[in-house]
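# Understanding the architecture of this molecule
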Number of protein chains: 2
Amino acid sequence: MPTTPQRPDPRTRPNPGRRSERSRAAILRATRELVSEVGYPRLSIEAIAARAGVGKQTIYRWWRSKGAVVFDAFLALSEGADGVVLPDTGDIEADLKEVLRATVAEFADPVFEAPIRALNMEVAGDPELAAQYRERLAAPVDEAKKERLRSAQRAGQIRADADLDLALELLYAPLYQRWLLRSAPLTPEYADALVEHVLRALRP
Amino acid sequence: MPTTPQRPDPRTRPNPGRRSERSRAAILRATRELVSEVGYPRLSIEAIAARAGVGKQTIYRWWRSKGAVVFDAFLALSEGADGVVLPDTGDIEADLKEVLRATVAEFADPVFEAPIRALNMEVAGDPELAAQYRERLAAPVDEAKKERLRSAQRAGQIRADADLDLALELLYAPLYQRWLLRSAPLTPEYADALVEHVLRALRP
């Protein structure tokens, strides 16, 4: 499943690679704008093509489905996020509260939350996309979070034998579920309570 | 938003109410079967109508969208689940492990998991459906779960001042997220580890 454009040979045509890159960037930008404006269910390849100023066939040549375009549109947002590092002041409780409060704030921002909601709906219905999501988006961020928890283990603030994958799920899944199902308000106070409860489960 | 059929006056027509009920049951059964067979994205009102032996207009008269039919199809599955009561042997850890292991087993059963996955995708994209989901499906079940936690509070196994809504999220959201995003295997051992961690956070 190719999700990036196949570049024509640069020796045979003048700058086709650069034109491809411009089209690709325009398509991804149009996708993000439209998913925020009309929501994922009403997003169409036609509308993306019109907004990006390309033909529909250009999109179908590079992506197999609407979900694949949305996936790359979202991935492009987090490009440059390589080497994510969580704050480490030496106080795991304060640092996790800061990080979870920031996550709560992101979920309150429609520009961020609309495409990630669309992506999550797509991932839930498509096992292949779910595998890509884990590998390309979730795993690098989870690794950064676990690195912070390991530092807390070395400092004696978290049990040495704690299951860090489970720890991450306890920290983030309640917040994720509240957001996705809109089951209750997401507030900074909620972020704090979550951190306090989870640390109680993880302390030596 | 009416999601149940409006019954014609039984005094003016012979048995139309009974015919309506039969059609409604056939539509909901066809919806459950089809969502398991073809998945939610490819489920169509046309296919439901054909399988149920009714006209498309019959479905559109009673439900506003595919999501609304799926919602009622799922709700019909849990009818008779009124007055859900969790096991109470006096041992909160053993009882929660039993309940979470049962949830893991349900999520491994395609007949159960396909419609609830479809429902969750629909709920994630539709705030109005999310409100109905909370009120008609989630709230009664959550109340039964909280009743079991209250019993554990009375027995001194959970702190008297514990936030029971947060406690339920800590117990169920990690399992929900693993299932929805297929991020890691759901096993009985995972259910046990989850219960042990969450109780550590809740104990007096």
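That block above? That's the structure.
Let us look at the structure shown here. (Residues numbered from 1 in each chain as written. Chains lettered and ligands numbered in written order. Predicted model: local features only at pLDDT ≥ 70, side-chain atom pairs only at ≥ 80, totals over all residues. Heavy atoms only, no water.)

### Regarding the packing of helix α8 (residues 164-181) of chain B against helix α9 (residues 188-202) of chain B
Residues and elements named next belong to chain B. Basically, it comes down to this: Under this scheme, a helix contributes an axis fitted over its contacting stretch, all axes are lines through C-alpha atoms, and angles between N-to-C directions fall in the 0 to 180 degree range. Numbering of helices and strands starts at the N terminus; helices are DSSP runs of H or I of at least 4 residues and strands are runs of E of at least 2. Roughly parallel covers angles under 35 degrees, roughly antiparallel covers those over 145, roughly perpendicular covers 65 to 115, and oblique covers all other angles. Crossing handedness follows the turn of the near helix against the far one: under a right angle anticlockwise gives a left-handed crossing, and clockwise gives a right-handed one. The criterion used for residue contact is that any of the two residues' heavy atoms lie within 4.5 Å. Each residue gets one of three labels, nonpolar for Ala, Val, Leu, Ile, Met, Phe, Trp, Tyr, Cys and Pro, charged for Asp, Glu, Lys and Arg, and polar for the others, Gly among them.
At a minimum axis distance of 9 Å, the contact between α8 and α9 shows a crossing angle of 155°. With respect to their mutual orientation, α8 and α9 come out roughly antiparallel. Considering only the axes of α8 and α9, their crossing is right-handed. Residue-level contacts link Ala167, Leu170, Leu171, Pro174, Leu175 and Arg178 of α8 to Tyr190, Leu194, Val195, Val198 and Leu202 of α9. In the contact of α8 with α9, the residues fall into 10 nonpolar, no polar and one charged.

### So, the relation of the copies chain B and chain A
The criterion, for reference: Copies overlap after least-squares fitting; the atoms used are the C-alpha atoms of residues with pLDDT of at least 70 in both.
Overlay of chain B on chain A (RMSD 0.1 Å): rotation 180°, translation along the axis 0.0 Å. A rotation of that kind, with that shift, is consistent with a two-fold axis. Minimal C-alpha separation from the rotation axis in chain B is found for B:Ala201, amounting to 2.2 Å. A shared binding surface is used by both copies, with 100% of the interface residues of chain B retained as interface residues in chain A.

### Focus on the interface of chain B and chain A
Accessible area lost upon the coming together of the parts serves often as the stated size of an interface. Basically, it comes down to this: Take the accessible area each of two parts loses on contact, using a 1.4 Å probe, and add the two losses: that sum is the buried area. One side-chain nitrogen of Lys or Arg within 4 Å of one carboxyl oxygen of Asp or Glu is enough to make a salt bridge. Any N or O atom pair separated by 3.5 Å or less is treated as a polar contact, with the protein-specific requirement of one donor-capable and one acceptor-capable atom, and with residues adjacent in sequence counted only for side-chain atom pairs.
In this complex, chain B contributes 33 residues to the contact, which on the side of chain A involves 33 residues. In total, about 3,100 Å² of surface goes out of reach between chain B and chain A, with carbon and sulfur atoms giving 64% of it. Scanning the region where chain B abuts chain A turns up two salt bridges. The salt bridge involving A:Glu169 is made with B:Arg178; its shortest N-O contact spans 2.8 Å. The tally of links between chain B and chain A comes to 12 residue pairs in polar contact (both at pLDDT 80 or more).

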